[in-house]
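# Structural overview
If you want the building blocks of each chain, they are given just below.
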Amino acid sequence: MTFRPSFLLGALLLTAPIAAQDAPEPPLAAPTVAPERIVLNLAADPAHAMAVTWRSAPGLPGFVELAEAGDGPDFVKSATRLPAQNDDTTIAVRETTTLHAAYHSLTMRGLKPDTVYAYRVGDGTHWSEWLQFRTAAVTLRPFRFLFLGDMQNQILSEASRTLRMGLRMAGDAAFVVHGGDLINRHDSDAEWGEWFAAGGYAYGQTPQMPTPGNHEYGRGPVLNPQWQRQFTLPANGPAGIERLADTCWSTDYQGVRLISVDAPQLHGVPESRAAIVAWLEPLLAHNPNRWTVLLLHFPLYSLEPQRDNDRVRDALKPLIDKYKVDLVLQGHDHGYGRGTVGPAGPGKGGKGATYVVAVAGPKMYDGGIQGWADKSATNTQTFQVIDVTDRGMTYRAYSAAGRLLDETVLRK
Ligand SMILES: [Fe+2]
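Residues numbered from 1 in each chain as written. Predicted model: local features only at pLDDT ≥ 70, side-chain atom pairs only at ≥ 80, totals over all residues. Heavy atoms only, no water.

### Observations regarding the coordination of the iron ion
Put simply, the rule reads: Donor atoms (N, O, S) are those found within 2.8 Å of the metal centre, with the cutoff raised to 3.2 Å for Na, K and Ca; water is not part of the atom list, so apparent gaps in a site can occur. Going along the chain from the N terminus, every DSSP run of H or I of four or more residues is numbered as a helix, and every run of E of two or more is numbered as a strand. Only protein chains enter the accessibility calculation, which uses a 1.4 Å probe; a residue is then buried when its area is under 20% of its type maximum, exposed when over 50%, and partly exposed in between.
Protein coordination of the iron ion is provided by D181 (OD), N214 (OD1), H297 (NE2) and H332 (ND1), with donor distances spanning 2.1 to 2.3 Å. Look at where the donors of the iron ion fall in the sequence and you get D-x32-N-x82-H-x34-H. With a gap of 83 residues between them, N214 in the loop between β11 (208–210) and β12 (217–218) and H297 in the loop between β16 (291–295) and α7 (310–322) connect regions that are remote in the sequence. Classification of H297 as buried rests on a relative accessible area of 0%.

Encoded structure:
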């Protein structure tokens, strides 16, 4: 009998189910010789330093070439080559037994404030393109930043549009703050691949500032093995607690003190909770900045009553009220809410911090009674643009389609 592949293919197509079965694990993308997953992170002193991290195939060294950016191409002649830290490592990942990669990082120090720098990363032979960033000014200067809630699910196919719309509409954002659950499965490398593909080259020019969510943690809690290798966040968390290194951090940017609190550990690890509270109080008490923004994954006020987290609220609310934190950025609830809660609690009046819950990805919860929220929404992916001046912080939330959803001005 003559074999007729076209006929067989047609029959298969006609009988193939339309709905996808359980999705197989995506293939592991092996690290390449060319530098990849390049990301900037703000340093603790962003007027004088900037951190860059990337990965490559194992066995390769890492270098950064750095120069003040010029109007023409001659800046490359004045570039300085700096050796990076290299972490040639094997980690366990879901998609296969192990991932072998070289992670490279460098905190570029001694930079001039309010200056545009160009840099590229590579092994001395294979280089990235030249990327550019601007250091912060040393004093309060108007700027804007972006806040995104959980990207977490269908990161590349459906969450990326929220990030990218944010970067289109606020392309001059000084940095992007992520409220945790950047990925869904703590042991997945393919999901990190999606996260990096979602941001692409933008991560190499606009610093990304994440706090971990519960999905960055496995049981234990054990932090996702990529986190500390692929981000170079300010190493100024609670002293002597290694498990909180790079998950609790703070940085001062042009009049704003931005603080990340590791919510999963605050919630689940009593020793970490005590250490975080002890670390946070002096950060809030001795703050020369005009504004204070707190970033954590678990919301103090939930969008659904059954998701209320009094342990996190009891630990943080007294400090937020006592030291007059301005803005609290949160994720986890897969919906949108924004409201001001005074020291006496929701609906009791009084001046207090503004609390925001948002989600960037497509996973949505129904949402219940949101008595604390002045504005809420369900089934809505959002990005938030915060414009900072000495007189106020103008906060705006936009849907992933670019529609203005919410707007308020925070004043002292
Ligand atoms: Fe979460």
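After presenting the structure, the write-up continues.
### Digging into the packing of aromatic side chains
Our working definition: Only Phe, Tyr and Trp rings are paired, with Trp represented by its six-membered ring, and only when their centres lie within 6.5 Å; those with planes under 30 degrees apart are stacked, over 60 edge-to-face, the remainder tilted. To sit over a ring, a charge needs its Lys NZ or Arg CZ within 6 Å of the ring centre and within 35 degrees of the ring normal.
This structure, assessed with the given rule, holds 19 aromatic pairs. Plain terms: the ring middles of W192 and W195 are 5.8 Å apart, the flat faces sit at 85 degrees to each other, and that makes the pair edge-to-face. In this pair, W192 and W195 both sit in helix α3 (residues 190–199), 3 residues apart, roughly one turn of the helix. We note that W192, like W195, is buried. An aromatic cluster is present here, built from W192, W195, F196, Y203, W227 and F231 joined pairwise through their rings. Between the NZ or CZ atom of R81 and the centre of the ring of F63, over which it lies, the distance is 5.6 Å. The ring centre of W127 lies 4.4 Å from the NZ or CZ of R120, which sits over that ring.

### What to know about the pattern of salt bridges
The condition is simple: Here, a salt bridge means any Lys or Arg side-chain nitrogen found within 4 Å of an Asp or Glu carboxyl oxygen.
This structure, assessed with the given rule, holds 24 salt bridges. For R141, the salt bridge identified is with D114, shortest N-O distance 3.0 Å. Residue R141 is located in the loop between β8 (131–134) and β9 (143–148), and its partner D114 is located in the loop between β6 (98–108) and β7 (116–122); the two are separated by 27 residues in the primary sequence. One network of salt bridges, in which partners are shared, links R144, D172, D387, R396 and E407.

### Section: helix α2 (residues 155–169)
As a reminder, the rule being used: By this rule, a helix spans an expected 1.5 Å times one less than how many residues it contains. In this analysis the local bend is the angle between axes fitted, respectively, to the seven residues ending at and the seven residues starting at the residue. Contacts: residue pairs with any heavy atoms within 4.5 Å of one another.
Its 15 residues give α2 an end-to-end C-alpha distance of 20 Å, which sits within 8% of 21 Å, the value for a rise of 1.5 Å per residue. The sharpest bend along α2 reaches about 35 degrees and sits at R161. Listing the buried residues of α2 in full gives I155, A159, S160, T162, L163, G166 and L167. The inward-facing, buried residues of α2 abut β9, β10 (176–178), α3 and β21 (382–388).

### A short note on the sheet that holds strand β1 (residues 36–42)
We count it as follows: In this description, strands pair whenever DSSP reports at least two bridges between them. Every axis corresponds to a line fitted to the C-alpha atoms, with the helix fit spanning only the stretch in contact, and the corresponding angles, defined between N-to-C directions, vary from 0 to 180 degrees.
As summarised here, the arrangement of the 4 strands in space is β1-β2-β6-β5, forming an open sheet in which the pairing is antiparallel. Two strands close off the open sheet at either side, each with one partner strand: β1 and β5 (85–92). Between one strand axis and the next, the sheet turns through 25 degrees on average, direction left out of account. Pairing between β1 and strand β2 (residues 50–56): 5 bridges, direction antiparallel. Bridge pairing links L40 to V52 in β2.

### Examining α3
Two residues of an α-helix separated by three or four positions point the same way, owing to the 3.6 residues in each turn. Burial within α3 is extensive, with 7 of its 10 residues counted as buried. For α3, the set of buried residues is A190, E191, W192, W195, F196, A198 and G199. Where α3 is buried, its residues touch β1, α2, β10, β11 and α4 (227–230). The positive-phi residue at the C-terminal boundary of α3 is G200, with phi of around 55 degrees.

### Topic: the layout of surface pockets
Here is the rule we go by: Note on definitions: the grid is 1 Å and covers protein atoms alone; a cavity is a set of points where a 1.4 Å probe fits but cannot get out; a pocket is an open set with protein on both sides within 12 Å along at least five of seven lines; lining residues have an atom within 4 Å of a point. Grid points are joined across faces, edges and corners, and a volume is the space filled by probe spheres set on the points. Classes in brief: Ala, Val, Leu, Ile, Met, Phe, Trp, Tyr, Cys and Pro nonpolar; Asp, Glu, Lys and Arg charged; the others, Gly included, polar.
The space that makes up the largest pocket amounts to roughly 370 Å³. Considering the residues around the largest pocket, the lining is formed by 19 residues, among which R134, D172, A173, A174 and Y253 are closest to the centre. Where the lining of the largest pocket is concerned, the elements lending two or more residues are β8 and β9. In terms of residues, the lining of the largest pocket owes the most to one element, β8, which gives 3 residues. When the residues that make up the lining of the largest pocket are grouped by side-chain class, the tally is 9 nonpolar, 5 polar and 5 charged.

### Description of the nonpolar core
Let me state the cut-off plainly: Here the nonpolar core consists of buried residues drawn from Ala, Val, Leu, Ile, Met, Phe, Trp, Tyr and Cys, with membership extended through side-chain atoms lying within 4.5 Å.
Grouped together as the largest cluster of nonpolar side chains are 74 residues, with contacts concentrated most on V52, M108 and Y119. Sort the elements by how many residues they give to this core and β9 lands first, with 5 residues. Residues in contact with M108, not counting those within four places in the same chain, are L40, H48, A49, M50, V52, V64, L66, Y119 and F133. Formed by 31 residues, the second largest nonpolar core is a distinct cluster that contains I259, L283, V325 and A373.

### A closer look at the environment of M108
Structurally, M108 can be placed in strand β6. Expressed as a C-alpha distance, the spacing of M108 and A51, which sit 57 residues apart in the sequence, is 5.9 Å.

### Details of the packing of helix α6 (residues 270–285) against α7
For the record, the criterion: For classification purposes, angles smaller than 35 degrees are called roughly parallel, those larger than 145 roughly antiparallel, those between 65 and 115 roughly perpendicular, and all remaining angles oblique. Left-handed is the label given to a crossing in which the near helix is rotated counterclockwise from the far helix by less than a right angle, and right-handed is the label when the rotation is clockwise.
Running from amino to carboxyl end, α6 crosses α7 at an angle of 15 degrees, the nearest separation of the two axes being 10 Å. The pairing of α6 with α7 is recorded here as roughly parallel in orientation. Every pair of crossing elements has a handedness; the one defined by α6 and α7 is right-handed. Counting all contacts with α6, which are made through R273, V277, L280, E281 and L284, the residues of α7 involved are R311, A315, L316, L319 and K322. Of the residues belonging to the contact of α6 with α7, the class tally is 6 nonpolar, no polar and 4 charged.

### Regarding the packing of α2 against α3
Closest axis-to-axis distance for the α2/α3 pair is 9 Å, and the angle between their directions is 35 degrees. Every pair of crossing elements has a handedness; the one defined by α2 and α3 is right-handed. Residue-level inspection shows I155, L156, S157, S160, L163 and R164 of α2 in contact with α3, the latter providing E191, E194, W195, A197, A198 and G199.

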